[in-house]
Amino acid sequence: MKQFPYLTDYINETFVEEKKRFDYIFIRPILLVVYFFLRCIVFPLKYIFHRRPWGFEGYCIDGVLAFGLKYFASREAVELLIRHVQIEPILYRHLLTGHEFEEEEVVATSLNGIFGNFSVESLDQVVHNNMTIGHDQLSYELGEKFDREIFLENLDRIQASRPMKHQDYSKRILEVNREHSLGWFGATNVVMMIVYSITIFADLHTTVKALNSFDSDSILLWALKHLYQDDPNTLIDLDFYMQVFSNRSHYNSSAFFSDPSQYLAYHIVFDEFAYDRLQNHPPTIASS
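S.K.: Quick one: what's the story with empty space enclosed by the protein, residue by residue and with numbers?
M.R.: Taken as a whole and assessed by the stated rule, the structure comprises two cavities of 30 Å³ or more. Lining the largest cavity are 21 residues, and of these His84, His135, Asp136, Ile194 and Tyr263 sit closest to its centre. Among the secondary structure elements, those contributing two or more residues to the lining of the largest cavity are helix H4 (75-95), helix H6 (131-145), helix H10 (187-201) and helix H14 (262-280). The dominant element in the lining of the largest cavity, judged by the number of residues it contributes, is H6, at five residues. A class-by-class count of the residues in the lining of the largest cavity yields 13 nonpolar, six polar and two charged.

S.K.: Report on the layout of surface pockets, specifying residues and quantitative values.
M.R.: Taken as a whole, the largest pocket holds about 410 Å³ of empty space. Phe4, Phe15, Ala265, Tyr266 and Val269 are the residues nearest the centre of the largest pocket, which is lined by 18 residues in total. Contributions of two or more residues to the lining of the largest pocket are made by helix H1 (9-18), helix H2 (22-49) and H14. Residue contributions to the lining of the largest pocket peak at four residues, all from H14. Each residue belonging to the lining of the largest pocket can be placed in one class, and the counts come to 13 nonpolar, two polar and three charged. Taken as a whole, the second largest pocket holds about 240 Å³ of empty space. Those elements that provide at least two residues to the lining of the second largest pocket are helix H3 (57-71) and H10. Looking at the lining of the second largest pocket residue by residue, the classes come out as 11 nonpolar, three polar and no charged.

Rules used throughout
- Residues numbered from 1 in each chain as written.
- Predicted model: local features only at pLDDT ≥ 70, side-chain atom pairs only at ≥ 80, totals over all residues.
- Heavy atoms only, no water.
- 1 Å grid on protein atoms, 1.4 Å probe; cavity = no way out; pocket = protein on both sides within 12 Å on 5 of 7 lines; lining within 4 Å.
- Points joined across faces, edges and corners; volume = space filled by probe spheres on them.
- Helix = DSSP H or I, 4+ residues; strand = E, 2+ residues; numbered from the N terminus.
- Nonpolar A, V, L, I, M, F, W, Y, C, P; charged D, E, K, R; others polar.

Below, the structure is given as structure tokens:
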């Protein structure tokens, strides 16, 4: 059984169990093939009829997500998804240490914004706060707020600090899943169904942005290489998180040709690695 040395123990264990699942072996290939043809139909129709949002898209996407999380997703899949929803803004907030913002920019809105409150209490909360689209917007928000010079000026300070713990956020939604779910779908298919929902329900502009929201990964990778510049082992591991579908200077991928599995295999996995490394293997403080 493959155990990749640059992945965290949690991710390695999750993937080992995931690849034994019936839905991974038999349903995942079907979903991949269907998604290829779905894009060929949906994208031209969106270009003609649905270029801009009509107002209900987010509720449809998160309604499907909430239904799937409650009745069909495995507990491991829901845990991984909720961890990611909480870990990503924590990482971005950590990178913005030393940046100064206006008061209205740091309002703790529910499940939205880098400085938001990401406790996930209920399925209604997921739907009413448009969690999926709000999560995708985090990538673009980091790109707008992050300043290279401010980061480098505060490098020692960031190296000496730790991100907040994701355990500080509530994960009560796991109890709902535990009580009701049949557990048919693992993490891979849950992530793919989220991509399906975005592709079907979102307007063209939002779909392209959501399926191409990897720019923040390149910023995070750049920042980690600076934070761990004196740690050759971590630098070696980070080299394996340079995506193969994009060039090595940015993560700008084609939404039309994107692989829906890359959101799990690259994006979620990378955030897990970054969080684990910053929490459990702190960087050496660079000399002035």
